[in-house]
Amino acid sequence: MFEAFNCVLKGVRDLPIVALVQLTFYRVNNYFTVGQELGASRLVSGEEITPYFDAKIKAKVDKGSHEVLLYDHVQKLFHVKTRSFVGSSNRKPCTYHVDLRTWSCTCTKTLLLEFPCSHILAVYHRRSIDFRQFM
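Since the structure is predicted, the reported quantities are computational estimates derived from the model, not experimental observations. (Residues numbered from 1 in each chain as written. Predicted model: local features only at pLDDT ≥ 70, side-chain atom pairs only at ≥ 80, totals over all residues. Heavy atoms only, no water.)

A separate point is the environment of Gln75. Relative to the elements of secondary structure, Gln75 occurs in the loop between strand S1 (66-72) and strand S2 (77-82). Considering only alpha carbons, one finds Gln75 and Leu100, 25 residues apart in sequence, at a separation of 8.3 Å. Discounting chain neighbours no more than four positions away, the residues touching Gln75 are Asp99 and Arg101. (Helix = DSSP H or I, 4+ residues; strand = E, 2+ residues; numbered from the N terminus. Contact = heavy atoms within 4.5 Å.)

So, in C-alpha cells, the structure goes:
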C-alpha cells in the first residue's frame, strides 16, 4: 500500500509546507477518484474480481502443492495435505480440514484475510468447480 502513495509524494519534497499539503491532498484525491471510477466500470462490465485478485488466485491454484482427499461426500468435507518442499527442513507436511458448505478451513486464513486460502482453492480445482460462483 505504501508503494502506491510513494508516487503521490514524488518530486514534492522541496516545496513549502502549504503547497506540499495541497499537492498531496489533490494527488491522493485523484488516486482514489480514479480507483473508484475504475472499480465502477468493472462492475458495470460484469467483472466481479480485480485482475490483481485473479492473478493471486491463479498463482495459488497453479502452485499445486496440495493433495486433496475426499473425507465425506455428503457433508462436502475434505482433507488437504500440504507437501513438504525439497530443501526445506523446517516445513513439515500438515493436514487441513476444508468444509465446502461453510467455505471454511482449519488454517483460518480465509477468516482472517477474507480471501480463499490455498486449501479451499485446491479443493475447488480438484473438483473442477469454479469458486467464483460462491463469492
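Attention shifts here to the nonpolar core. Judged by nonpolar contacts, the single largest core of 18 residues is most densely connected at Val98, Val123 and Phe131. At the level of elements, helix H3 (51-63), S2 and helix H5 (118-126) are the ones that each hand at least two residues to this core. Here this core takes five residues from H5, the largest share from any one element. The residues touching Phe131, leaving out its near neighbours within four places in the chain, are Ile49, Phe53, Ile57, Leu121 and Tyr124. (Core = buried A, V, L, I, M, F, W, Y, C linked by side-chain atoms within 4.5 Å. Buried < 20%, exposed > 50% of the residue type's maximum accessible area, 1.4 Å probe, protein only.)

Next up on the list: the pairing of S2. Relative to S2, S1 is paired through six bridges, and the arrangement is antiparallel. For His66, the partnering residue across the bridge sits in S2 and is Thr82. With five bridges joining them, S2 and strand S3 (residues 95-99) adopt antiparallel strand pairing. Along S3, the bridge assignment pairs Lys81 with Thr95. (Pairing = 2+ DSSP bridges.)

All right, on to the side chain of Ser118 then. With respect to the helices and strands, Ser118 occurs in helix H5. Residues within four places of Ser118 in sequence aside, it is in contact with Lys60 and His66.

Moving on: the pattern of salt bridges. In total, this model carries one salt bridge according to the counting rule given. Arg101 serves as the salt-bridge partner of Asp99, at 3.2 Å between the closest nitrogen and oxygen. (Salt bridge = Lys/Arg side-chain N within 4 Å of Asp/Glu carboxyl O.)

By themselves, these figures tell us nothing about what the structure is for.
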